Amino acid sequence: MDKKKHIDSIHRLVVLGAGESGVGAAILGLAKGLEVFVSDMGQIPARHKATLLERGIEFEEGGHTPGRILDADIVVKSPGIPPTAPMVAALMEKGTPVVSEIEFAGYYTDARMICITGSNGKTTTTLLTYHILRKAGLDVGLAGNVGFSLARQVAEDPHEYYVIELSSFQLENMYDFKAHVAVILNITPDHMDRYDHSMDLYTAAKFRILQNQTKDDYFIYWLGDPVITRQVREVQTEAAALPFSDHPEQGAAAWLDPQGIVHFDAPHDVWEIPRDRLSLPGLHNLYNSMAAGLSASALNISPEITASALQDFEAVEHRLEFVAEVDGVRYINDSKATNVNSTWYALESMSSPTVLILGGKDKGNDYSEILPLVKEKVKAIVCMGADNAKLLDFFGGEVAEIRDTHSLEEAVAACRELASAGDTVLLSPCCASFDLFKSYEDRGERFKEAVRGMK
């Protein structure tokens, strides 16, 4: 990657979309002395607008000014904006580089990047890997779909390592960025409308995580995923492959044996840990733990530190916390999501039809930030609050069904009626809890009690 060539060619930066990633890119552009203009088709969330105003970054909302945008040397696009959007299409026709915030941030840092993608499990694996690196004493940042914008960290709080959760949308507009450790956990149908209902296009987007890797880099993936293993045979990469499996398998760098021992035959060490010592239960978390352990080994972190971290990692309670599966429906407690941005991250991670519980004490929320994801992923909304008028007005007509409830018991009963086997019920309220509950912890605990009482 010729970073100097990129940097020298940029004088006018335009950022499309003023979410976490867009504002971060604007801050980095400003720090590097660029002329920065931010344009958002919708209304910019209040906290992001305040950040732009504080820093004197010019912006517009509620529409685009084509002349300003088409005059850019480079455009950083929010991952939520599809490549078919008219403004993006005009930029592509003009030949203006359109990149992701991650790509743009990469121009200005030489940090080592541990990048994690997949249809499921990205957040847990990202947080677990970050936990191991911190326990090893590395100077590490957390970015992508969790943590703060990578660009903002590069500008204001730089690190030697970053653990980055990447969606297929982010990977679409990454070209020269390199992952020193690339992890693909699994690939199942998701975002099909974005990819013309083509699994091949979706898979290709995920596999962009491997581009630019060299023989000094690592590629970690699940051997049991048929989509990944098929694509591996077709994609050329110089990176050292470190696949993992839930059973002894030729070529695996991590696997589970019939006695319940997890083995690591890793780049720098060979070691093992009993499965029942892992802090995270469940088969999906076995995969997440193996991927995180292999990532740590690729960075030459000792088995002792890695094993310790795999045993003492605590899943964030009330943050995308799996509660139970009842009648084939998964119930997820995300009560800690007391603002719109937190709910955005929760919805982005959903891979099945979702019944979403919203509501509580509104803090002047602008729900437009999550509307695209609601339209894409949510089959029904259950409002749970003392006064749901704002939610009912905003989301009425945007989902197939919306219910007005005023207690947790009413809300859970409505969810049970609306959800079908294979669906997910997600408590991710967007709002503070103080209208019906003592705290978000109280709300989450009562939700878990109610769900477990359904069995």
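Residues numbered from 1 in each chain as written. Predicted model: local features only at pLDDT ≥ 70, side-chain atom pairs only at ≥ 80, totals over all residues. Heavy atoms only, no water.

**Q** Can you help me understand the nonpolar core in this one?
**A** Nonpolar side chains in soluble globular proteins generally cluster together in the buried interior. Core analysis: the biggest nonpolar cluster contains 55 residues, and Phe104, Leu150 and Ile164 have the highest contact counts within it. In terms of residue count, the dominant contributor to this core is helix H2 (residues 20-31) (five residues). Among residues more than four places away in sequence, those in contact with leucine 150 are Glu101, Ile102, Ala105, Met113, Ala143, Tyr162, Ile164 and Phe177. In terms of nonpolar packing, the next biggest core, distinct from the first, is built from 43 residues, Ile114, Leu128, Trp222 and Ile301 among them. (Core = buried A, V, L, I, M, F, W, Y, C linked by side-chain atoms within 4.5 Å. Buried < 20%, exposed > 50% of the residue type's maximum accessible area, 1.4 Å probe, protein only. Helix = DSSP H or I, 4+ residues; strand = E, 2+ residues; numbered from the N terminus. Contact = heavy atoms within 4.5 Å.)

**Q** I keep staring at the pairing of strand S6 (residues 112-117) and nothing clicks. Help me out?
**A** Looking along a regular strand, one sees the side chains alternate between the two faces of the sheet. With five of six residues buried, S6 lies mostly within the body of the structure. Of the pairings in the sheet, the one linking S6 to strand S8 (residues 161-165) comprises five bridges and is parallel in character. Counted as the bridge partner of isoleucine 116 is glutamate 165 from S8. Strand direction decides the pairing type here: S6 and strand S9 (residues 181-184), joined by four bridges, are parallel. Bridge pairing in S9 places cysteine 115 opposite alanine 182. (Pairing = 2+ DSSP bridges.)

**Q** Whenever I open this one, the sheet that holds strand S2 (residues 35-40) confuses me. Can you help?
**A** Hydrogen bonds between backbone atoms are what pair the strands of a sheet, whose relative direction is either parallel or antiparallel. A sheet is described by the order of its strands in space; here five strands give the open sequence S3-S2-S1-S4-S5, paired in parallel fashion. At either end of the open sheet lies a strand with only one pairing partner, and these are strand S3 (58-61) and strand S5 (98-99). In this structure, strand S1 (residues 12-16) lies alongside S2, joined through five bridges in parallel fashion. The partner of leucine 16 across the bridge, within S2, is serine 39. Where H2 meets the sheet, it contacts S1, S2 and strand S4 (74-77), and its direction lies at approximately 170° from that of S1. (Axes fitted to C-alpha atoms, helices over the stretch in contact; angles between N-to-C directions.)

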